[in-house]
Amino acid sequence: MAETAVKKAKKEKIPRQPMPEQAPKVRAKNFEEVPTGQSAETAMLEAARCLQCKKPACVDGCPVGVNIPAFIKQVKEGDFTTAITTIWETNALPAVCGRVCPQELQCEGKCIVGKKGDPVAIGNLERFVADFERKHRKAKPPEKAAPTGKRVAVVGSGPSGLTVAGDLILKGHEVTIFEAFHKPGGVLVYGIPEFRLPKEIVFSEVAGLEEQGAKLECNAVVGRSVSVDELFEEGYDAVFLGVGAGLPRFLNIPGENFIGVFSANEYLTRSNLMKAYLFPKYDTPVIQGKNVVTLGAGNVAMDSARTALRLGADTSRIVYRRSRDEVPARAAEVHHAEEEGVEFHFLTAPTKFLGDEKGRVIGMEGLKMELGEPDASGRRRPLPIDGSEFELECDLVIIAVGANANPLLTRSTEGLELNQWGYIVTDEATGKTSKKGVWAGGDIVTGSATVILAMGAGRQAANSMHDYLTWGW
């Protein structure tokens, strides 16, 4: 039936196939995944839109170099099992990437079909293939090289660490992943809500790496329970640091210490990793505000504001000091937030939080802004408008303006060069640090960035580590 639909569609221009989603008013009250997934027939129709370019720009746009035309051709032919093996050759986390990667800026952003219309839905197809395999379990994992006898410690089980582990396992090395939390996944689990990336998806991808031979040690705080130097003493030949940038960033304005003012790191960790979203099954303490204000407009801010709605907020507002044109979040996340009822207050900046006699936040003072000349980020600098002071009632504030480098590991590791912001200095092409036998990648090097860029850094580091383990420094 699906093949017939594809052949029929070839006679006319095939439009981009929409992703089915929960209705906004329904999903705003639950934590189930928003997109519900495509059918095999729809995936094959979408795959038929691919032009199979001889010089595929989409691959150039993928930080981990997935052979996109090959797997899409296999989807078009209904060979979903071969498609997942093609993706696995370069990407150990396709179900994750299909959900949270900014494809519109990367692979889909370079798609030739998109020059005169909508690009091929590469992310949706990757997700479909990964979900199909997880349901049917037909594919064989990629073959591993012969054991090398070399041992690698990967610190952190976020996207960069998992990529390094997946790559080095295939190259024949023995890999142990050390995770500080009680569950693996890093920011994929504690930072991204269930409605955008279900935890079972992440755990399934990690389980796949364990089946390949990777060892996982949770509740292992490298930098406290064991040092990097002690890992070498225990017999590890190389170490990768992928600990992320998990230190909350605040605004340093009056009233930030009032009860009810959260960093996004804490708010989302309580809701996601500590399962406050499953109350009362999990009685995790988290303030369920009725009038919630989220400061910032990145993906983390969208996640926070949308989580607040699902936890019972009557109003959930995004307050952002720049205009809509400067919003750094993915367009899809902004669109979903608006559909669900999140209100946006652009060109608005907080100056002070207000509290009651019990020390609980009850409001926010702020100023209206206007845009001036571009600053170092390339975006127009927001400037306050005199006399534009206002107050906004709120009983919960979530500060989502980025994160800093957590110094717990870096400051306890001798010989590791850091920059002025506390991030690890590495060779851009290889991920090598100043300390022999140690590589780093992801947010602890770049600051907060995307999942796929962290994975790209992991790929580069894994290749360099393999050379080192094979030939020496």
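None of these values were measured; they are calculated from a predicted model.

Rules used throughout
Residues numbered from 1 in each chain as written. Predicted model: local features only at pLDDT ≥ 70, side-chain atom pairs only at ≥ 80, totals over all residues. Heavy atoms only, no water. Helix = DSSP H or I, 4+ residues; strand = E, 2+ residues; numbered from the N terminus. Rg over C-alpha atoms; globule rule 2.2 N^0.38 Å. Buried < 20%, exposed > 50% of the residue type's maximum accessible area, 1.4 Å probe, protein only. Contact = heavy atoms within 4.5 Å. Lys, Arg positive; Asp, Glu negative; His and termini not counted. Charge placed at Lys NZ, Arg CZ, Asp CG, Glu CD. Pairing = 2+ DSSP bridges. Axes fitted to C-alpha atoms, helices over the stretch in contact; angles between N-to-C directions. Phe/Tyr/Trp six-rings, centres within 6.5 Å; stacked < 30°, edge-to-face > 60°. Lys NZ or Arg CZ within 6 Å of the ring centre and 35° of its normal. Core = buried A, V, L, I, M, F, W, Y, C linked by side-chain atoms within 4.5 Å.

Undergrad: How would you summarise the overall build of the chain if you had to cite specific residues and measurements?
TA: A count of helices and strands for the chain gives 18 helices and 16 strands. What you see for the chain is a C-alpha radius of gyration of 23 Å, in line with the 23 Å of a compact globule of 473 residues. Projected onto its principal axes, the C-alpha positions of the chain cover 65 × 65 × 50 Å. The buried share among the 473 residues of the chain stands at 53%. Relative to all contacts within the chain whose residues are 6 or more apart in sequence, the contacts with residues 24 or more apart total 70%. Each charge sign in the chain was given a centre, from 57 positive and 61 negative side chains, and these centres are 5 Å apart.

Undergrad: Could you give me a rundown of the sheet that holds strand β9 (residues 343-345), with the residues and numbers involved?
TA: Within a sheet, each strand pairs with its neighbour through backbone hydrogen bonds, oriented either parallel or antiparallel. Taken together, five strands build an open sheet; the order of strands is β6-β14-β7-β8-β9 and the sheet is parallel. In this open sheet, the two edge strands, each paired with only one partner strand, are β6 (261-263) and β9. Geometrically, the sheet is characterised by an average inter-axis angle of 25° between neighbouring strands, direction not taken into account. Here helix α13 (residues 264-271) sits on the sheet in contact with β6 and β14 (396-399), set at roughly 85° to β6. Set on the sheet, helix α14 (residues 299-310) makes contact with β7 (291-295), β8 (315-319), β9 and β14; between it and β8 the angle comes to about 165°.

Undergrad: Give me the lowdown on the environment of G415, citing residues and values where you can.
TA: With respect to the helices and strands, the residue G415 is situated in the loop between α16 (407-410) and β16 (438-440). Relative accessible area serves as the criterion here: at 51%, G415 is assigned to the exposed category. For the pair formed by G415 and N219, sequence separation is 196 residues and the distance between their alpha carbons is 25 Å. G415 has contacts with S434 and K435, leaving out every residue within four places of it along the chain.

Undergrad: Can you explain the packing of aromatic side chains? Please cite residues and give values.
TA: Within this structure, the stated rule accounts for nine aromatic pairs. Summarising the aromatic geometry, the rings of F128 and F132 are spaced 6.0 Å apart at their centres and angled 40° between planes, so their arrangement reads as tilted. Of this pair, F128 and F132 both sit in helix α8 (residues 122-136), four residues apart, roughly one helical turn. With respect to class, F128 is no different from F132; both count as buried. With 5.7 Å between their ring centres and 70° between their planes, F181 and Y190 make a pair best called edge-to-face. Residue classification places Y190 among the buried positions, given a relative accessible area of 17%. The rings of F80, F128 and F132 are connected pair by pair, giving a single aromatic cluster. A cation sits over an aromatic face here: R310 above F195, 3.9 Å from the ring centre.

Undergrad: Go over the nonpolar core with me, naming the residues and quoting the values.
TA: Counting 64 residues, the largest nonpolar core has I68, F71, I72, V75 and V96 as the members making the most contacts within it. Counting residues per element, this core draws most heavily on helix α18 (residues 451-471), at eight residues. V75 has contacts with A43, M44, A47, F80, A83, L125 and V129, leaving out every residue within four places of it along the chain. Grouped together as the second largest cluster of nonpolar side chains are 30 residues, V286, A308, L309 and A329 included.

Undergrad: I'd love a proper account of the side chain of R49, names of residues and values included.
TA: Its location among the elements puts R49 in the loop between α3 (40-47) and α4 (57-60). On the accessibility criterion, R49 (9% relative accessible area) is buried. Not counting chain neighbours up to four residues away, the residues in contact with R49 comprise I14, P15, R16, V113, D118, P119, V120 and A121.

Undergrad: Before we move on, can you summarise the pairing of strand β12 (residues 380-384) with the specific residues and values?
TA: Direction of pairing for strand β11 (residues 361-374) relative to β12: antiparallel, over a ladder of four bridges. Bridging across to β12, E370 finds its partner in L383.

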